[in-house]
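Listed below are the residues making up each chain.
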Amino acid sequence: MKIINTALGLLLCAPITTNTAADFSGFATLGLVYSDSEIYGYRRDISEDEGVFKEDIDFKNHSLLGLQFDHLFNNKTDFVIQAVVRQRSKNNLDRTISLAFLRHQLSPNWQIRVGRIAPDLFMFTESRDIDFSYVWATVPKEVYSIIPYRSIDGGDISYEKRFENATLTTKVFAGTSEGEIIGGGALETVKSKNMLGLSITYDEFEWSIQGKYTRATFANEAITNTLIGNEIRKVPDFIWPNKEAFIPRIGIESDSAKYAAINGQRMINNWLLSAEFSRITSSSELLRKISNYYVSAAYQLDHHSFYAVIGNSTSDEWQFEEENVATQFIPELIHGLEENFNFYSANQKSYSLGWRWNVTSSTSITTQYTHTKIDEHGSTLWLVNGPHSPAEDVNSVLLNVSTLF
C-alpha cells in the first residue's frame, strides 16, 4: 500500500490550476500458450509461479488488462497512474499499480518524474506490458524475463538535446524496488535499495541506439538461503570441518548487482532490425555473470509483418568443489546447494518465427513458434517439474490478440 499513499501525496502536492484535463486509456491482450515439455513449464518471466507443460492450453500467462489515467494540471505538470491486471505469483493492489508518478517539465530540455516509474533497463522499458507496441508476440525472454523488477519507487530526471535530424536523451534514475522470483517450488521476494541507473538514447528518424547501466544493492536475504545455511550448521564437523566459513557465501543481502546493456533498432525499407545485448554481474556467488542477447528481423507487407528472432542466455555453472568434505554422507544437501547456486545460471538458445496482422490501427493478432534448446542446469527461465534439470529441446506456440483503447 506504500505506493498508494505516495500517489495520493503526489496528487496533493501537485500545482492546481483551472485549466486541467483528464485522459483515460487502456490496453489488453488475450494470449494463448502451448508448450510440449513434461519437465519444463513455459512462463513469461521468473516471477510466474504457474507454468505451461505438455498438453496444457494456457490463457493466463500472457493475458492482461491495463488501465491508465493521465491528469494534466497545466502545460508543464501532469500525473500518471497505470494499473495492470495479470497473473502474478503475488497479486495485490501494490503489485497491480505499475506506474504512479508526477511529471514536471522544468524547461524545454529538462524533465523530472517522482513516484513509481519503470526502471530504464530495456528498449521497451515503458511498454513492456503493451504487447501491441512491438512486432513479436512477447518481448524476447532471454533479455526481459530474468529481471524480477518491473517498477521502482523513486524518480528520474532527463535531459533532451535536439539536433537537426536527431535527438539525444540522457536520463538518470534512482530508487528502491522489490519483485518475486520462483525457483525450486519456493516464492522469494527480492528487495533492492540504492538503485541508481543511467540511460543514453540517440534517435534519428529511421534508427535508434541506447546504452544502459544500473547498479543496486540487495536489501534482504532469501528465505531459501537461510534454510540451507541452517541445514549446513547441522552437519557434523567430521563430515564438513570448515562449514562455518562456507555459510556466508550463500547469502545475497548487502551484495551489489550491476546491469549493463546496449540495444538498437533500424528501419531499412520494409525491414525492421532489432537487437539487445545485456550483461548482469554481482558481488554474490549466487548471481553469477549472465550474458544475454537477441537479434530480430521483421519484414512488413501491407498490414502484415513476418519476423524471426534468435535469443541466447549464457552463464557459468557452479559445482561444489570444497575440500575435506565427505560429500557421500550428504548427497541431498550437496544437490540442493548446486541447484541453489545455479538458479540464475540461465543457459539456453531460442529460435522464433512469427506473423503479426494489424487488423485495425489499434488491434493486432500475432502468432509465434519458438524452439528452445535448454542446457543441463540452464532452466532459470522455466518452471521445472522434478528434482533435476536435464538438457532438452522445447517447442512453444503463442497466439495473442492485443488492442489499445
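The structure under discussion appears in the preceding block.
All values derive from a computational prediction rather than experimental measurement.

### Comments concerning the nonpolar core
In globular proteins that are soluble, nonpolar side chains generally tend to be buried together.
Working step 1: Grouped together as the largest cluster of nonpolar side chains are 68 residues, with contacts concentrated most on Trp136, Ile232, Trp240, Phe246 and Leu337.
Working step 2: No other element matches helix α6 (residues 331–341), which puts four residues into this core.

### A short note on a nonpolar patch on the surface
Working step 1: There is a patch of nonpolar side chains on the surface, built from Leu106, Trp110, Ile157, Val172, Leu196, Leu198, Ile200 and Tyr213 and spanning about 670 Å² of accessible area.
Working step 2: Element by element, the count of residues in the nonpolar patch is highest for strand β9 (residues 186–204), at three residues.
Working step 3: Within the secondary structure, leucine 198 sits in strand β9.

### Here's the deal with the pattern of salt bridges
When their charged atoms lie close together, side chains carrying opposite charge are able to pair.
Working step 1: In the structure shown here, the tally under the stated rule is 22 salt bridges.
Working step 2: A salt bridge links lysine 171 to aspartate 120; its shortest N-O distance comes to 3.4 Å. Within this pair, whereas lysine 171 is found in strand β8 (residues 166–183), its partner aspartate 120 is found in the loop between β6 (110–117) and α3 (141–144), the two being separated by 51 residues in sequence. As far as the burial class goes, lysine 171 and aspartate 120 line up, both buried.
Working step 3: Each of Asp94, Arg95, Arg116, Asp153, Glu178 and Glu180 takes part in a single network of salt bridges with overlapping partners.

### Observations concerning the environment of tyrosine 34
Working step 1: Mapping tyrosine 34 onto the fold places it in strand β1 (residues 21–35).
Working step 2: Owing to a relative accessible area of 30%, tyrosine 34 belongs among the partly exposed residues under this scheme.
Working step 3: Distance from tyrosine 34 to asparagine 220, taken between C-alpha atoms, is 36 Å for residues 186 residues apart in sequence.
Working step 4: Contacts of tyrosine 34, omitting those with residues within four sequence positions, involve Val52, Glu55, Asp56, Ile57, Asn395, Ser396 and Val397.

Thresholds applied
Residues numbered from 1 in each chain as written. Predicted model: local features only at pLDDT ≥ 70, side-chain atom pairs only at ≥ 80, totals over all residues. Heavy atoms only, no water. Core = buried A, V, L, I, M, F, W, Y, C linked by side-chain atoms within 4.5 Å. Buried < 20%, exposed > 50% of the residue type's maximum accessible area, 1.4 Å probe, protein only. Helix = DSSP H or I, 4+ residues; strand = E, 2+ residues; numbered from the N terminus. Patch = residues over 30% accessible without salt bridge, like charges linked within 9 Å, V, L, I, M, F, W, Y side chains within 5 Å. Areas by Shrake-Rupley, 256 points an atom, 1.4 Å probe, with all protein chains shown as cover. Salt bridge = Lys/Arg side-chain N within 4 Å of Asp/Glu carboxyl O. Contact = heavy atoms within 4.5 Å.

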